[in-house]
Amino acid sequence: MKLSHFNFNLPAELLAEFPAENRDEARLMVVNRKTQTIEHKLFKDILDYFEEGDVMVLNNTKVFPARLYGNKEKTGARIEVFLLRELNAEQRLWDVLVDPARKIRIGNKLYFGDDDSLVAEVIDNTTSRGRTLRFLYDGSYEEFRAKLLELGETPIPKYINRAVTPEDAERYQTIYAKEEGAVAAPTAGLHFSKHLMKRLEIKGINFAEITLHVGLGTFNPVEVEDLSKHKMDSEELRITEEACEIVNKAKTNKKKVCAVGTTTMRAMESSVSSAKTLNPYEGWTNKFIFPPYDFSVADCMITNFHTPKSTLLMMISAFCGHDLMKKAYEEAVKEKYKFYSYGDAMLIL
């Protein structure tokens, strides 16, 4: 399959600017691969599709407030700094993106906060927009991290054309987020409310948690026609022994294993045994799933509606079958489903 197979016309008004009022009341499209049918529901109806002993696999990564605004020394120009990952805690070195990048050179200093209490020095260029910063701050490491939290903004995606609100800090985070390290939310999980999780639990559905720290690469559109030439950014991944036991037991008992989100699916497919069971893992993954692909672990998945030419859409095509995915997406546009991070959801059975 080529890149051009993943282009479609997405009307701008279908990009969700705000989440549904209640997490579990976003719309849900249910796509059945066996019967090739499509149903329209609400997210909380997901309860009807799972039985006792089925497993939902969640990505428990937690988004940190990665977007900072600073001022360049001398000129005072306002610069956006997007924290990607910590390179060295002791030296306070971070891998970041800067915007506008053309103004930021090695040796420049950036000042943050009304009192300029946090300063960063540019010590390296990594890509056209990428820089390595050394933060200078009078205080312990814990105080420094607290300062970043205080000055940082929730990194809602760029396409959301509005200012960040205090609500975003809560809504751009899953209710089960635990392990800090993502710069983008695993958005399929945003639809789960505490009440819905409780109802699933009462019905006997089990949860397994993995951690994949979502990086910005998840938003990078593919730019090569030959998909095998696309390079994914690496992201940090941890799959525990406990998660493997829950998932593998369900598979042995012929129960459903549902990947909640593309990040969870990619995580599991990064650590599979030859017997198609899930293995523990600690490290990095840059797995790119595109059709044709034979999935080993999950037999259903929950996901949002993705943008054209995205790696996420390619995974859905591989899991769903390309023609059924196209049919579902045409229907989603026709029925005005909301797309992207704060958008509606799809359950693929």
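What counts and how
Residues numbered from 1 in each chain as written. Predicted model: local features only at pLDDT ≥ 70, side-chain atom pairs only at ≥ 80, totals over all residues. Heavy atoms only, no water. Domains from an automatic or database assignment. Buried area = accessible area lost by both parts, 1.4 Å probe. Salt bridge = Lys/Arg side-chain N within 4 Å of Asp/Glu carboxyl O. Pairing = 2+ DSSP bridges. Helix = DSSP H or I, 4+ residues; strand = E, 2+ residues; numbered from the N terminus. Axes fitted to C-alpha atoms, helices over the stretch in contact; angles between N-to-C directions. Buried < 20%, exposed > 50% of the residue type's maximum accessible area, 1.4 Å probe, protein only. Contact = heavy atoms within 4.5 Å. Phe/Tyr/Trp six-rings, centres within 6.5 Å; stacked < 30°, edge-to-face > 60°. Lys NZ or Arg CZ within 6 Å of the ring centre and 35° of its normal.

### So, the domain arrangement of the chain
Working step 1: Each assigned domain of the chain is listed with its residue range as follows: domain 1 (3-63 + 169-348) and domain 2 (67-153).
Working step 2: On a C-alpha basis, the centroid separation for the pair domain 1 and domain 2 is 32 Å.
Working step 3: At the boundary of domain 1 with domain 2, total buried surface from both sides reaches about 440 Å², with 62% on carbon and sulfur atoms.
Working step 4: Remark: the boundary between domain 1 and domain 2 carries one salt bridge.
Working step 5: Of the charged contacts, one joins glutamate 180 and arginine 145 as a salt bridge, the two residues approaching to 3.4 Å between their closest N and O atoms.

### Quick word on the sheet that holds strand β7 (residues 93-99)
Working step 1: Strand order in the closed barrel formed by six strands is β5-β6-β7-β10-β9-β8, with antiparallel pairing between adjacent strands. Ignoring which end each strand starts from, the neighbouring axes of this sheet average 45° apart.
Working step 2: The pairing of strand β8 (residues 109-112) with strand β9 (residues 118-125) spans four bridges and is classified as antiparallel. Residue pairing across strands places leucine 110 opposite alanine 120, the latter belonging to β9.

### Focus on the side chain of threonine 263
Working step 1: On the secondary structure map, threonine 263 appears in helix α5 (residues 262-269).
Working step 2: Under the relative-accessibility criterion, threonine 263 is labelled buried at 4%.
Working step 3: If near-sequence neighbours (up to four positions away) are discounted, threonine 263 is found in contact with Asn59, Pro186, Leu212 and Val214.

### Considerations on the pattern of salt bridges
Working step 1: Per the counting criterion, the structure on display carries 13 salt bridges.
Working step 2: Notably, a salt bridge pairs aspartate 168 with arginine 162, separated by 2.9 Å at the nearest N-O pair. Taken individually, aspartate 168 and arginine 162 each receive the classification buried, so the pair is uniform in this respect.
Working step 3: Overlapping salt bridges bring together Arg67, Glu80 and Lys158 as one network.

### Observations regarding the pairing of strand β5 (residues 67-72)
Working step 1: Examined bridge by bridge, β5 and strand β6 (residues 78-88) share five bridges and lie antiparallel to one another. Within the sheet, the bridge partner assigned to arginine 67 lies in β6 and is phenylalanine 82.
Working step 2: Here β5 folds back onto β6, and the loop between the two strands holds five residues, one of which, lysine 74, carries a positive phi near 70°.
Working step 3: Relative to β8, β5 runs antiparallel, the two being bridged by three bridges. Note that in β8 the partner of asparagine 71 across the bridge is tyrosine 111.

### Regarding the packing of aromatic side chains
Working step 1: A full pass over the atoms with the stated rule returns 18 aromatic pairs.
Working step 2: Arranged with centres 5.6 Å apart and planes meeting at 45°, the rings of phenylalanine 135 and phenylalanine 144 form a pair that is tilted.
Working step 3: An angle of 65° between the planes, with centres 4.3 Å apart, marks the rings of tyrosine 159 and tyrosine 340 as edge-to-face. Taken together, the residues tyrosine 159 in the loop between α1 (141-151) and α2 (166-171) and tyrosine 340 in the loop between α7 (322-334) and β17 (345-348) connect sequence positions 181 residues apart. As far as burial versus exposure is concerned, tyrosine 159 and tyrosine 340 are alike and both buried.
Working step 4: Among the aromatic residues, those joined into a ring-pair cluster are Phe8, Phe305, Tyr329, Tyr337 and Phe339.
Working step 5: Over the face of the ring belonging to tyrosine 69 we find arginine 78, whose NZ or CZ atom lies 4.0 Å from the ring centre.

### Observations regarding the sheet that holds strand β3 (residues 55-59)
Working step 1: Strand order in the open sheet formed by nine strands is β2-β1-β17-β16-β14-β3-β12-β13-β15, and the pairing between neighbours is mixed. Edge positions in the sheet fall to β2 (37-42) and β15 (281-285), since each has one partner strand and no second. Averaged over all neighbouring strand pairs, the angle between strand axes comes to 25°, with direction disregarded.
Working step 2: In this sheet, β17 lies alongside strand β1 (residues 27-32) in parallel orientation, the contact comprising four bridges. Bridging across to β17, valine 31 finds its partner in isoleucine 348.
Working step 3: Along the sheet face, helix α6 (residues 311-320) touches β1, β16 (300-304) and β17 and points at about 150° away from the line of β16.

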